Amino acid sequence: MGLTIRSFLLLLLAFICRTTTADAADFFWVGGAGSWQHAASWSLTPGGKGGAGTPAATDDVFIDGSSFSAAGQLIQLDETATCRNFYWNTFSGNAGGLSGQGKLTVTGNFSVLSPIQGNFNGTFFLNATGKTQQLQSDYACPGTMILQSGNYETVKTILFDGDLFVKEAMLDIKNSI
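Small disclaimer: the values here were computed from a predicted structure and weren't measured.

## Points about the side chain of Ser 41
Now for step 1: Mapped onto the fold, Ser 41 is located in the loop between strand S2 (34–35) and strand S3 (42–43).
Now for step 2: If we skip the residues at most four places from it in the chain, Ser 41 touches Phe 28, Trp 29, Val 30 and Gly 31.

Here it is, written out as structure tokens:
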């Protein structure tokens, strides 16, 4: 009987450790127009069913060709959000955009491969951790971008509609801004 209780306790300990460890996930916006914080607008697969919750600091965010069901739909970002990597590429679907005055902190790569429409007046905070992160914006990125910490290298070009500030970060400009 002692072995059974011991096995149960080990199994319980393993379960507790597993449920308190944050695993990184890929989050895909599938909600068309809506708030960043609306859990039903996020999926764990491209074009998949919403309801996956909202991205956390360890998660990668993808805004892709299946994110918007009609042209001109906007993701409202009025709060503070954090993700690991941020990828925007809506070329294969309807173009959409961002609006609001929120703050998005990105601790990894930041990539904008298609236009971001809308009137986003918020701030992108880039806080790289670990290895050098890639910074790419082939199209004008709205709002303000602040490179707060870490090392970044540009990939192709970087275009901004707003301001770019480099605080306690290193920026290796491989191409033109």
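## Topic: the sheet that holds S2
Now for step 1: Spatially, three strands are ordered S2-S5-S8 in an open sheet, and the strand pairing comes out parallel. The open sheet has two edge strands, S2 and strand S8 (96–99), and neither has a second partner.

## Quick notes on the nonpolar core
Now for step 1: Residues Phe 86 and Phe 110 are the most contacted members of the largest nonpolar core, which totals 31 residues.
Now for step 2: At five residues, strand S13 (residues 144–160) tops the list of elements feeding residues into this core.

## What to know about the pattern of salt bridges
Now for step 1: Counted by the stated rule, this structure contains one salt bridge.
Now for step 2: A salt bridge links Arg 84 to Asp 60, with the nearest nitrogen and oxygen atoms 2.8 Å apart. With Arg 84 in the loop between strand S6 (80–83) and strand S7 (86–88) and Asp 60 in strand S4 (residues 60–63), the pair connects residues that are 24 residues apart, well separated along the chain.
Now for step 3: Judged by its relative accessible area of 33%, Arg 84 falls in the partly exposed class.

## Structural notes on the confidence of the model for the protein
Now for step 1: In this model, the protein carries an average pLDDT of 85, and 86% of its residues clear a pLDDT of 70 or more.
Now for step 2: Contacts from residues 7–21, a stretch scored under 50 in pLDDT, to residues over four places away or in other chains number one contact.

## A few points about the packing of aromatic side chains
Now for step 1: Evaluation of the coordinates by the stated rule reveals twelve aromatic pairs.
Now for step 2: Taking 6.4 Å as the distance between ring centres and 75° as the angle between the ring planes, the aromatic pair formed by Phe 27 and Trp 42 counts as edge-to-face. Within this pair, whereas Phe 27 is found in strand S1 (residues 26–29), its partner Trp 42 is found in strand S3, the two being separated by 15 residues in sequence.
Now for step 3: Judged by its relative accessible area of 6%, Phe 27 is buried.
Now for step 4: With relative accessibility at 0%, the residue Trp 42 sits in the buried group.
Now for step 5: Taken together, a centroid distance of 4.8 Å and an interplanar angle of 15° make the contact between Phe 28 and Phe 62 stacked.

## Some points on the environment of Met 170
Now for step 1: Structurally, Met 170 is set in strand S14 (residues 164–172).
Now for step 2: Owing to a relative accessible area of 55%, Met 170 belongs among the exposed residues under this scheme.
Now for step 3: Expressed as a C-alpha distance, the spacing of Met 170 and Ser 149, which sit 21 residues apart in the sequence, is 7.5 Å.
Now for step 4: Apart from residues no more than four positions distant in its own chain, Met 170 is found in contact with Gly 150, Asn 151 and Tyr 152.

Conventions we followed
Residues numbered from 1 in each chain as written. Predicted model: local features only at pLDDT ≥ 70, side-chain atom pairs only at ≥ 80, totals over all residues. Heavy atoms only, no water. Helix = DSSP H or I, 4+ residues; strand = E, 2+ residues; numbered from the N terminus. Contact = heavy atoms within 4.5 Å. Pairing = 2+ DSSP bridges. Core = buried A, V, L, I, M, F, W, Y, C linked by side-chain atoms within 4.5 Å. Buried < 20%, exposed > 50% of the residue type's maximum accessible area, 1.4 Å probe, protein only. Salt bridge = Lys/Arg side-chain N within 4 Å of Asp/Glu carboxyl O. pLDDT = per-residue confidence, 0-100. Phe/Tyr/Trp six-rings, centres within 6.5 Å; stacked < 30°, edge-to-face > 60°.

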